[in-house]
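Here is what each chain is made of, one letter per residue.
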Amino acid sequence: MAAAAERTDELVREYLLFRGFTAALKQLDAEIKADREKGFRVDKIVDQLQQFVQSYDLAALRDYWSYLDRRLFSRLEDVYRPTVNKLRTSLFRYYLVHTVQTGRNDKAQEFFLKQASELQNQAEWKDWFVLPFLPAPDFNPTFATYFSRQWADTFIVSLHNFLSVLFQCMHILFFPVILNFEAECLRSSLIQEENESLRHKLFALQAESSRMKKEELEVEQGVVHHKLPAYVANMDRLGDSELQRSTAHSLQSRGGFLSSFLSQTKKGPSRPAHPSGASPTQTGGPLLAKKEPTNHQGTKGKEGTASCKDGKSHFTGLTAGESASLQQRQKRLQEHGKERKELLSKGTSQGQSAEKKTDTSTAETEPFSELHAEQAEPSTKTSAGSAEAVGVRQEQPFIVLSQEEYGEHHSSIMYCRVDCSGRRVASLDVDGVIKVWSFNPIMQTKASSISKSPLLSLEWATKRDRLLLLGSGVGTVRLYDTEAKKNLCEICIDEDMPRILSLACSPSGASFVCSAAAQSPISHMDFSAVSSGGKSMNQVPGKLLLWDTKTMKQQLQFSLEPEPIAINCTAFNHNGNLLVTGAADGIVRLFDMQQHECAMSWKAHDGEVYSVEFSYDENTVYSIGEDGKFIQWNIHRSGLKVSEYDLPSEATGPFVLSGYSGYKQVQFPRGRLFAFDSEGNYMLTCSSTGGVIFKLNSGEKVLESCLSLGGHRAPVVTVDWSTAMDCGTCLTASMDGKIKLTTLLAQKS
């Protein structure tokens, strides 16, 4: 609501200027400056109340609360009146506690003198009149709770939340129509997002339907194709002795193969010549069940090839049409044998037992009485093999809906980040070119800028996500407006530490942290240092500073123990109460942002820490370092490893792009090296040909690769994974300036 009021004020100013109503404009500015509702900004209202308390201005405090009661609270339903009364009582108690804690008992006595007539008949104030006369009220059981920091914080948060909910609901009750456009814009954007997600789901369902139809068609074609002659149908069921006999028989009777084949098939049911008194199929079934796990594939492959060769020589006396048809059958037979080998090699024990059971039951129930019965068996086995293949294949956790390329950069990418809404992307390359672009519904560049000074870091502002924070290599941080396409301000951090290595904006948007470092003695583009095994490129002094986003003034400097060091990467948790950092000395530090001090630190990597992130449940943090390790740490016990994995050098850097005549371009990690999905179960990392998605299993020693996104011809140097919408958007940026945007749909199990 505050944003809607602010934007409406700007529109009214613009209209008055357009009409030339300067007197009305001056009056409007004066009224806004003296606005007691603070533009419906909850933080400003709470700050005003706290200011009255801290200045002991009881009259102004009562008057301001009465104004809020008349203007806002009186319009609420009667069911909310007890809540308003409780907040008013807590506010006055907050004032009294402050007067006692600061030693101003005279202000406490003044409060009871002025409020006695109003409070003496209220039961909740009966015990409070003695407060100014107690020597140590903070130890008294009746008042000890109110003197705790926890009660004061709870009251302030409750008041803040109550006013926030009130302002959010006011437009439904009595706000003017002109202020409802913000809600309409939000509703329109939500509808667009819902339409987009439904469109992606529709595409996924269409793709799945097409795939199923294709598989059904292939199965139908496979049934037709695999109606093979009887000797082929019997080949998988013959024992070694029977197979040798049939092969020898075929070699002796090449000239009359077809006639002998037909006569044998007709005599098949009444052949008593076998020693066991059973048909070849019945004797071959149990034999196959014993021999198949060990030598089934090799024997079948060799004998099948020999049979194919003999069979081909038998067909020389046939007509041209029959010969071509039989050759096609032989070719399909070979392909079928290869497919069976692959399925058997990949099959699980369950699949093998199912196949044995199918073969045995088929052998026992299907005598070779007629030729068409013998030819129908391969189709049965084909469908069984297809079922086995479906059972073996593991279902992918994600469906790739689309992959698009953004190619407006002409040099290696350093940073590539999606904003909080998931609609726009900001990318930065090594030449200092900044691109802000959207990808929904079409890929389109919204803003473009070229920096005269080198840029080393980039971060979206969390509130008013049209703003970008840009850290340079000359000790400055800029606030860039992506809609107005101009720099709003530029601040100097520290001339002695000109490299701004990392920026992170708190989720509330009120502040941001900035990592500044001195110049490195070794350039990060010097490949000789890398090839010689040099480490610790950033072992230089550094600072970690906290800045106010609104005033753009420094609030404090964090203490870095054991010595000031360059901080390479920073990340906030969901509410901004914790900050995790990774430094050039290999130490991960966890800061308490309420106390503004380092809560714990531990040696995490041998060499620099390149990238850090909180886990989904925020009980652990993940880090990637120069030593190629990807480690999960427990933040409740300093230095306790939950899991550790080895990553290839192409996922951790330094990244190398080779060219002709021995040319090599080297880039050290700058941006994010890994990102998580919406539930923290999967991780996206860099590789030489595109992003790779791994499944995170704490109990496993090796990361399980689930999906390779691909699409790149140069090493990927930074990634991002936006989960603002139902369909996840993966960004992978490479050294050739190409950015791939892959849209994924998670398959819910």
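Attention in this report is confined to the structure presented alongside it. (Residues numbered from 1 in each chain as written. Predicted model: local features only at pLDDT ≥ 70, side-chain atom pairs only at ≥ 80, totals over all residues. Heavy atoms only, no water.)

Attention now moves to the overall build of the protein chain. Each helix and strand counted, the protein chain has 17 helices and 30 strands in total. Across the 749 residues in the protein chain, those meeting the buried criterion constitute 46%. Pairs at least 24 apart in sequence give 54% of the contacts found in the protein chain among residues at least 6 apart. With an accessible surface of roughly 38500 Å², the protein chain has 52% of that area assigned to carbon and sulfur atoms. (Helix = DSSP H or I, 4+ residues; strand = E, 2+ residues; numbered from the N terminus. Buried < 20%, exposed > 50% of the residue type's maximum accessible area, 1.4 Å probe, protein only. Contact = heavy atoms within 4.5 Å. Areas by Shrake-Rupley, 256 points an atom, 1.4 Å probe, with all protein chains shown as cover.)

This part is about the pattern of salt bridges. Inspection of every chain in the model, using the stated rule, returns 25 salt bridges. One salt bridge in this structure joins R88 and E118, with 2.4 Å as the shortest N-O distance. Placement of the pair is R88 in helix α5 (residues 81-101) and E118 in helix α6 (residues 105-119), with a sequence separation of 30 residues. The salt bridge partner of E490 is R478, with a shortest N-O separation of 3.7 Å. Here E490 is found in strand β9 (residues 486-492), whereas its partner R478 is found in strand β8 (residues 476-481), with twelve residues between them in sequence. Residue E490 is classed as partly exposed on the basis of its relative accessible area, which comes to 48%. For R478, a relative accessible area of 8% corresponds to the buried category. (Salt bridge = Lys/Arg side-chain N within 4 Å of Asp/Glu carboxyl O.)

Glancing now at the nonpolar core. Nonpolar side chains tend toward joint burial in soluble globular proteins. Membership of the largest hydrophobic core comes to 47 residues, with the highest contact counts inside it found for W65, F73, F111 and L163. Contributing elements (two or more residues each) for this core: α3 (42-54), α4 (58-71), α5, α6 and α7 (149-173). Setting aside residues up to four positions removed in sequence, W65 forms contacts with L49, F73, V84, L87, R88, L91 and L159. By size, the runner-up hydrophobic cluster in this structure holds 36 residues, among which are I491, A516, M552 and F558. (Core = buried A, V, L, I, M, F, W, Y, C linked by side-chain atoms within 4.5 Å.)

In this structure, D494 sits in the loop between β9 and β10 (499-505). At a separation of 2.6 Å, a polar atom in the side chain of D494 contacts the side chain of K543. Sequence-distant contacts of D494, defined by excluding residues within four places in its chain, comprise G475 and K543. (Polar contact = N/O pair within 3.5 Å; in protein donor to acceptor, adjacent residues only side chain to side chain.)

This paragraph deals with the state of the cysteines. In total, this model carries zero disulfides according to the counting rule given. As a non-bridged cysteine, C505 has C420 as the owner of its nearest cysteine sulfur, 8.1 Å distant. (Disulfide = S-S within 2.5 Å.)

Geometrically, the link from E561 to P562 is a cis peptide bond, its omega value of 5° lying close to zero. For P562, the location among the structural elements is in the loop between β13 (554-557) and β14 (567-572). A positive phi is found at Y56, a non-glycine position, where the angle reads about 60°. Position of Y56 relative to the elements: it lies in the loop between α3 and α4. Taking the relative accessible area as the measure of exposure, Y56 reaches 18% and is therefore buried. The backbone of E618 shows a phi angle near 60°, a positive value even though the residue is not glycine. Here E618 shows up in the loop between β18 (609-614) and β19 (620-625).

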